[in-house]
Amino acid sequence: MTVHKLGIIGSDRRAAALRARFAPGSPFAFGDFQLADTAAAASWQAVLKDRSIDALYLGCPPGQRAEIALAALSAGKAVLAALPLAMTIADMAAISAAAVTGSAPLLVTSDLRCTLAGRSLLEMRTAGDLGHPHSIYLASRWPQANDDRSAAAQQTERLWEAVDFMIALAGESPSRLFAIEGRPLPGGPLVLFNARFGSGTIGTGEVGGILPKPAPVHDPETEIEIAGTLAAVRCEPYRETVQVVGGKGEPAAVATSWHNDPVINMLVDLAELLAGRSAASAIGPEALQRLIGGMAALESSLVGGAAVSL
Amino acid sequence: MGDKPPIRIGLIGCGSIAASAHLPAIARLPQLVRLVATADVNLEAATQAAAEAGAEAYSDYRQVVERPDIDMVLLATPEYLHREQVEAAAANGKHVLCEKPMAPSLADADRMIGACASAGVRLMVAHSRRFTRRYQAVREAIDRGDIGEVMMVRENERRSRPLPGEEGYYWRAGHWTSDPAVSVGAILTNGIHETDLLRWFAGAEPVAVYAEHSTTIEGNQVPDFITLTVKFANGALGSAEVSNCWPAGYPSYHQLELYGTSGMIRSRDSEQQGLIRFRPGAADFPGSYHRLLHVQDAYTTELGLFVRALRDDLPVPLPASEARAALRLGLAAVASAKSGMPVTLGAQPSPQDQGGAGQ
């Protein structure tokens, strides 16, 4: 088995989770990868110069990802990044193009796509098991936060994740989208959105850090419900966790079972790509374009207060 | 109060809601009410409804409202008949407890309120969910400040299609709910509960609504699925989804979620899934019920409170203006769904809504 060396740039929550998975004694250790010691690197450019590193996880703020991703792909290093890949459509497109023409793979994905339920849902949809979806309901919530910066990052990521997943389940671009914000919250207000798709599917989304603290539910809490002509599905993709509430008055602690661990499943898919195979959770160029259009419409609706036709 | 004679009721409309909800409620309040007459265009249904109480049955509702020995009428008819029937009842001095939705239009609703106010009779619309113990407890928790200020209300109602061999509850061929000449679809047939509860729990009037709807059931001619997003004057958001397209056997359920600045409330019909059957390759819910929140206690409470208000000259427990406001939001949602654009509403209902006309 080829063991790939993975470097981490940035310090988002997923970067911390990755490091924890590779810590000595971790029950989650994943054999396809070895973690490079990038903590001491002076800069991301220095990490890129390390010839022993095969792949990079970009855990830096979304606004910095485009430059690093392009440089990494140009240097022949595989890139793993969660949504949002970048903050502009142009940057997204440039990275996507670089991946298509380059020799190193790009894996853009999300936690939701890397849960077992999320993966299964997309497989069922692709296989036609659900028939035509009449409605898609997707709610993503987490506890209200104190730290505005990390809360804002979570808000941004979860919003992209939700819109991406809804579009993926619909299997097409939205033809009309409306979004509205609620009261201010740390990190950003609750966002509700309604999407209409060309074939008649209607989506309802809810994304926000609106749960009270400590949340008496899993964190993050995501609910998906789809009514199709052939079958319906209801699931909570992050449910398959071990939740501990109580002990010394501390808030709920959640441990993820290894096989429903989005971080591990991202690495599984990255290993697949590095082996020249396809990755189930990957957001391909076409899906990325749909997502970019959907997010642009959502932002426009939030600003203008009107429904946006695509 | 105990020595006052029972309020004499004329029941107009003897279909499914009368049989399953109102007649049992009347039977459970023998000290307060007495069924005197029934009416339905289907005389057999009227006769059947009248039988147990020994009431008289008619095929024309006018014969009920014109009887001098009736104090109130209970209208269990489709909304497109309400205005005419309420005006006739009011003209004959009868109080009215009217099934939801109040009317198919605000103009009709206003005429109903005006007619009752002019005649000095009471009008209440039977938004039964307001009288469920579940939702009364929720409202009390909000009033106590248990969750702080309400930031978001969600009301989802999902119904499955009938199982093989069952007759569909709504939207079946030939049923009036599927006829665009008299029905606007799910938003009024079942979604009026959602627009009412969103307002009640948000504690403010809607200022904007956006909706998408579609027709999902083959042969149906009106939208049977709608999702709406509402902004309220106090900054709270509301979201509701009413669907009737879930596969047969899927657990029909109703779901309430309330998120406040310091807490949350959730209520879901988990009991609807009391029986889950697992078989190789499949699981289903053979015990799924189709009548959500069809809680007999609520109908009994609703009727009892209305009748006590008549007997003791008290305000009715749910002013007609509340039903009009729920209707206003529902119709705005339909307008939004048709236009594909959000619809703005004034923060306050029209002046005619104020002051409890008809109370």
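In this text, all values refer to a predicted model and were calculated from it rather than measured experimentally. (Residues numbered from 1 in each chain as written. Chains lettered and ligands numbered in written order. Predicted model: local features only at pLDDT ≥ 70, side-chain atom pairs only at ≥ 80, totals over all residues.)

## Some remarks on the overall build of chain B
Reasoning step 1: For chain B, the count of helices and strands is 10 helices and 15 strands.
Reasoning step 2: In terms of overall dimensions, chain B is globule-like: its C-alpha atoms have a radius of gyration of 20 Å, near the 21 Å expected for 359 residues.
Reasoning step 3: Its C-alpha atoms give chain B principal-axis dimensions of roughly 60 × 50 × 40 Å.
Reasoning step 4: Looking at chain B residue by residue over its 359 residues, the buried ones come to 54%.
Reasoning step 5: Sequence separation of 24 or more characterises 72% of the internal contacts of chain B that already satisfy a separation of 6 or more. (Helix = DSSP H or I, 4+ residues; strand = E, 2+ residues; numbered from the N terminus. Rg over C-alpha atoms; globule rule 2.2 N^0.38 Å. Buried ≥ 20, exposed ≤ 12 C-beta atoms within 10 Å, placed from the backbone. Contact = placed C-beta atoms within 7 Å.)

## Points about the confidence of the model for chain A
Reasoning step 1: On average, residues of chain A score 88 in pLDDT, and 90% of them reach the 70 mark or higher.
Reasoning step 2: Taken as a whole, residues 249-253 of chain A scores under 50 in pLDDT and shows eight contacts with residues more than four places along the chain or in a different chain. (pLDDT = per-residue confidence, 0-100.)

## Remarks on helix H3 (residues 62-74) of chain A
Residue and element names in this part refer to chain A.
Reasoning step 1: In a regular helix each residue adds 1.5 Å, so 13 residues correspond to 18 Å; H3 covers 19 Å between its end C-alpha atoms and thus fits that length.
Reasoning step 2: Along its length, H3 shows its largest kink, about 25°, at Ile68.
Reasoning step 3: Every buried residue belonging to H3 is among Pro62, Arg65, Ala66, Ile68, Ala69, Ala72 and Leu73, and all of these are buried.
Reasoning step 4: Of the residues flanking the end of H3, it is Gly76, one or two places downstream, whose phi is positive at about 80°. (Expected span 1.5 Å × (residues − 1). Bend = angle between axes of the 7 residues up to and from the residue.)

## Re unusual backbone geometry
Reasoning step 1: Residue Pro84 of chain A follows Leu83 of chain A across a cis peptide bond; omega there is -5°.
Reasoning step 2: Relative to the helices and strands, Pro84 of chain A resides in the loop between strand E4 (78-82) and helix H4 (89-101).
Reasoning step 3: Backbone torsion omega between Lys100 of chain B and Pro101 of chain B reads -10°, so that peptide bond is classified as cis.
Reasoning step 4: In this structure, Pro101 of chain B sits in the loop between strand E5 (95-99) and helix H5 (106-119).

## Structural notes on the domain arrangement of chain B
Residues and elements named next belong to chain B.
Reasoning step 1: Here chain B is partitioned into domain 1 (7-127 + 296-317) and domain 2 (130-284).
Reasoning step 2: Computed from C-alpha atoms alone, the centre-to-centre distance between domain 1 and domain 2 is 26 Å.
Reasoning step 3: Of the residues lining the interface, 11 residues belong to domain 1; the matching set on domain 2 comes to 11 residues.
Reasoning step 4: When the residues that make up the side of domain 1 that touches domain 2 are grouped by side-chain class, the tally is five nonpolar, two polar and four charged. (Domains from an automatic or database assignment. Nonpolar A, V, L, I, M, F, W, Y, C, P; charged D, E, K, R; others polar.)

## Structural notes on the interface of chain B and chain A
Reasoning step 1: Contact with chain B, which involves 26 residues of that partner, is made by 25 residues of chain A.
Reasoning step 2: For the side of chain B that touches chain A, the element with the most residues is strand E10 (residues 237-246) of chain B, which contributes six residues.
Reasoning step 3: Its residues assigned to classes, the side of chain B that touches chain A shows 13 nonpolar, 10 polar and three charged.

## Considering the pairing of E5 of chain B
Residues and elements named next belong to chain B.
Reasoning step 1: By the criterion of burial, E5 is predominantly enclosed, with five of the five residues buried.
Reasoning step 2: Covered by surrounding structure in E5 are His95, Leu97 and Glu99 together with Val96 and Cys98, the residues of both alternating faces.
Reasoning step 3: Assessed by its sense of winding, the connection that carries the chain from strand E4 (residues 72-75) through helix H4 (residues 82-91) to E5 is right-handed.
Reasoning step 4: In the sheet, E5 pairs with strand E6 (residues 123-126) via four bridges, with the strands oriented parallel. (Right-handed = clockwise from strand over helix to strand, strands pointing away. Pairing = 2+ DSSP bridges.)

## A few points about the domain arrangement of chain A
All names here are of chain A.
Reasoning step 1: Each assigned domain of chain A is listed with its residue range as follows: domain 1 (4-112 + 263-285) and domain 2 (115-258 + 291-309).
Reasoning step 2: A separation of 23 Å is found between the C-alpha centroids of domain 1 and domain 2.
Reasoning step 3: Each partner contributes to the interface: domain 1 provides 16 residues, whereas domain 2 provides 16 residues.
Reasoning step 4: Here the residues of the side of domain 1 that touches domain 2 sort into 12 nonpolar, two polar and two charged.

## What to know about the environment of Asp91 of chain A
Residues and elements named next belong to chain A.
Reasoning step 1: Tracing the sequence through the fold places Asp91 in helix H4.
Reasoning step 2: Here the alpha-carbon distance between Asp91 and Arg65, two residues 26 residues apart in the chain, equals 9.1 Å.
Reasoning step 3: Contacts of Asp91, omitting those with residues within four sequence positions, involve Ala66 and Ala86.

## Let's talk about the sheet that holds strand E1 (residues 4-10) of chain A
Residues and elements named next belong to chain A.
Reasoning step 1: Strand order across the open sheet formed by five strands is E2-E1-E3-E4-E5, with parallel pairing between neighbours. Either end of the sheet is taken by a strand with one partner, and the two such strands are strand E2 (33-35) and strand E5 (106-109). The sheet shows a mean angle of 25° between the axes of neighbouring strands, taken without regard to direction.
Reasoning step 2: Summarising the sheet, strand E3 (residues 55-59) and E4 pair through three bridges and their orientation is parallel. (Axes fitted to C-alpha atoms, helices over the stretch in contact; angles between N-to-C directions.)

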